[in-house]
Amino acid sequence: MAWRGHLSKNIKELRFLMCQTSPASSSARAFVEKNYKELKTLNPKLPILIRECSGVEPQLWARYDLGVEKGIKLEGMTEPQIFKVLEDMVKAGESFKV
């Protein structure tokens, strides 16, 4: 999983949106709690934003070069599935590079 150390090469910003209490956001909350520190340590200059709002569906948004954004709904996903989504977003970022 060496790609985790290269997030900032292809992505300009990551945003996790989730509800603080809903069961639908539980896997996204668990993912952030377990992995935020490592991702931030490996990518210290990459803004990783955690946005909590009551009742919101869990989502992951990536902002690329030229302001291009891509969002994925995380409801019902497990931690490995969220990692796969994040890896796919990093790979997609290669096509948006200037």
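This one's a predicted model, so the numbers in the text were calculated from it and none came from an experiment.

What follows covers the UniProt feature "domain: Ribosomal protein/NADH dehydrogenase" (unreviewed entry) in the chain. UniProt marks residues 20–93 with the feature "domain: Ribosomal protein/NADH dehydrogenase" (unreviewed entry), using the numbering shown here. Counting secondary structure, residues 20–93 comes out at 43% helix and 20% strand; the distance between its end C-alpha atoms is 29 Å.

Two numbers describe a pair of aromatic rings. These are the distance of the centres and the angle of the planes. This model, assessed by the stated rule, comprises two aromatic pairs. Aromatic pair Phe16 and Phe31: ring centres 5.8 Å apart, planes at 40°, arrangement tilted. Linking Phe16 in strand β1 (residues 13–18) with Phe31 in helix α2 (residues 26–42), this pair joins segments that are 15 residues apart in sequence. With relative accessibility at 2%, the residue Phe16 sits in the buried group. Judged by its relative accessible area of 1%, Phe31 is buried. A centroid spacing of 4.9 Å and a plane angle of 70° characterise the contact between Phe31 and Phe83, whose relative ring orientation is edge-to-face. With Phe31 in helix α2 and Phe83 in helix α3 (residues 79–93), this pair connects stretches of sequence that are 52 residues apart. In terms of burial, Phe31 and Phe83 fall into one category: buried.

As enumerated under the stated definition, the model contains nine salt bridges in all. Taking the shortest distance from any N to any O, the salt bridge between Lys12 and Asp65 comes out at 3.3 Å. Linking Lys12 in the loop between α1 (7–10) and β1 with Asp65 in the loop between β3 (59–63) and β4 (69–73), this pair joins segments that are 53 residues apart in sequence. Taking the shortest distance from any N to any O, the salt bridge between Asp88 and Lys84 comes out at 3.0 Å. Of the two residues, Asp88 and Lys84 both sit in helix α3, four residues apart, roughly one turn of that helix. Put simply, Glu13, Arg15, Arg63 and Glu69 are held in one network by salt bridges that share partners.

Rules behind the numbers
The written sequence of each chain sets the order in which its residues are numbered from 1. Totals for whole chains, interfaces and linings use every residue, but because this is a predicted model, local features are given only for residues with pLDDT of at least 70 and side-chain atom pairs only at 80 or more, for both listing and counting. Excluded from the side-chain calculation are hydrogens and water; included are all heavy atoms of the structure. UniProt positions are given in the numbering used here, feature names are shortened, and annotations may be inferred rather than shown by experiment. To qualify as a helix, a DSSP run of H or I must reach at least 4 residues; to qualify as a strand, a run of E must reach at least 2; elements of each kind are numbered from the N terminus. Aromatic rings from Phe, Tyr and Trp, taking only the six-membered ring of Trp, are treated as a pair when their centres fall within 6.5 Å; an angle between ring planes under 30 degrees marks them as stacked, one over 60 as edge-to-face, and anything in between as tilted. Any residue under 20% of the maximum accessible area for its type is buried, any over 50% is exposed, and the rest in between are partly exposed; the area is computed with a 1.4 Å probe on protein chains only. Think of a salt bridge as a Lys or Arg side-chain nitrogen and an Asp or Glu carboxyl oxygen that are within 4 Å of each other.

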